[in-house]
Amino acid sequence: MDATHTPSRSPGKALALSLLVPGLGHRYANGGHWGKSGSFFLAADVGILVNLLAARWREDDLEKSYRTLAASQAGAEMTGKTRAFFLSLGSYNSSNEFKDVLLRTRQWDRIESAEDPANYWDWESEADRLDYRELREDADGMGRRASWLIGGLVANRVISGVTAMLRARNSGGADVSAHVAPDPVSGGMVGTVAVRF
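Residues numbered from 1 in each chain as written. Predicted model: local features only at pLDDT ≥ 70, side-chain atom pairs only at ≥ 80, totals over all residues. Heavy atoms only, no water.

1. So, the nonpolar core
Reasoning step 1: In terms of nonpolar packing, the biggest core is built from 18 residues, with Leu89, Trp121, Trp123 and Tyr132 touching the most fellow members.
Reasoning step 2: Of all the secondary-structure elements, those providing two or more residues to this core are α3 (35-74), α4 (83-91), α5 (95-104), α6 (111-115) and α7 (126-169).
Reasoning step 3: The biggest single contributor to this core is α3, with 5 residues. (Core = buried A, V, L, I, M, F, W, Y, C linked by side-chain atoms within 4.5 Å. Buried < 20%, exposed > 50% of the residue type's maximum accessible area, 1.4 Å probe, protein only. Helix = DSSP H or I, 4+ residues; strand = E, 2+ residues; numbered from the N terminus.)

2. Here's the deal with α5
The periodicity of an α-helix, 3.6 residues per turn, causes residues three or four places apart in sequence to face the same way.
Reasoning step 1: Within α5 the residues assigned to the buried category are Ser95, Phe98, Val101 and Leu102. Taken end-on, α5 shows its buried residues confined to a sector of 115 degrees, consistent with a single buried face.
Reasoning step 2: Contacts from the buried residues of α5 go to α4 and α6.
Reasoning step 3: One or two positions beyond α5, positive phi appears at arginine 106, with a value near 60 degrees. (Arc of directions from axis to C-beta. Contact = heavy atoms within 4.5 Å.)

3. Quick word on helix α1 (residues 11-20)
Reasoning step 1: Listed in full, the buried residues belonging to α1 are Ala14, Leu17 and Ser18. When α1 is viewed along its axis, its buried side chains cluster within an angular range of 95 degrees and face the same direction.
Reasoning step 2: On its buried face, α1 sits against α2 (24-29) and α7.

In C-alpha cells form, the structure reads like this:
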C-alpha cells in the first residue's frame, strides 16, 4: 500500500466511505490522496461494474433470441411460463412427446399442465430445438456470471473498507495490501488481504 498515512483519521469514516465508493476510504485515510490502493479499489469497482452491465445486456439479448426462436419455430406461447416449461421446451421436440414421457413415467400431477393448449409446442426441426437450448443455456450462464460479479462488487467494498479502516487507525507500523481479481476458473472474483508489520 501507499506510504502516505494520517493516523488521526477516523477508522469508522474510512470504512463507511469505502463501502459507499471503494477507494474513497483510502483517499480519506491518506489525507486527500487516492494513492495506489485507493486507485486500485476504485478501478476494480468500475471494471466489475462494466462487466456486470455487459453480462446483463448479453443475458437479456440471449433471452430475447431464444424466446423469439421458440415462438416462431415451435409455435410456443412464451408469456408467463416457468423455468420448468423452458427446460422441457429444449428437451423434447413437441409437447405431445413430452406428455407421452409423463404418462410413461406416471407423473400424473404434471399431465394436466402438459395438456393445456397454452403449453403447446412443436419444433419444426431438431436443429431449431438444439439452437434454442444452446441460447437458453448461454443466457443462464450469463445470469450466473452476473451473480458472481455482484458478489465481486460486494467483496471489493468489504475488502476496501476493512483495509481503509486499518490504514486510518494504523500508527504507521503496518502495511496493508489487498487485491480483488477475476477468477478465470470459476468466473467469479477472488480477493486477498495481506498485513505486513
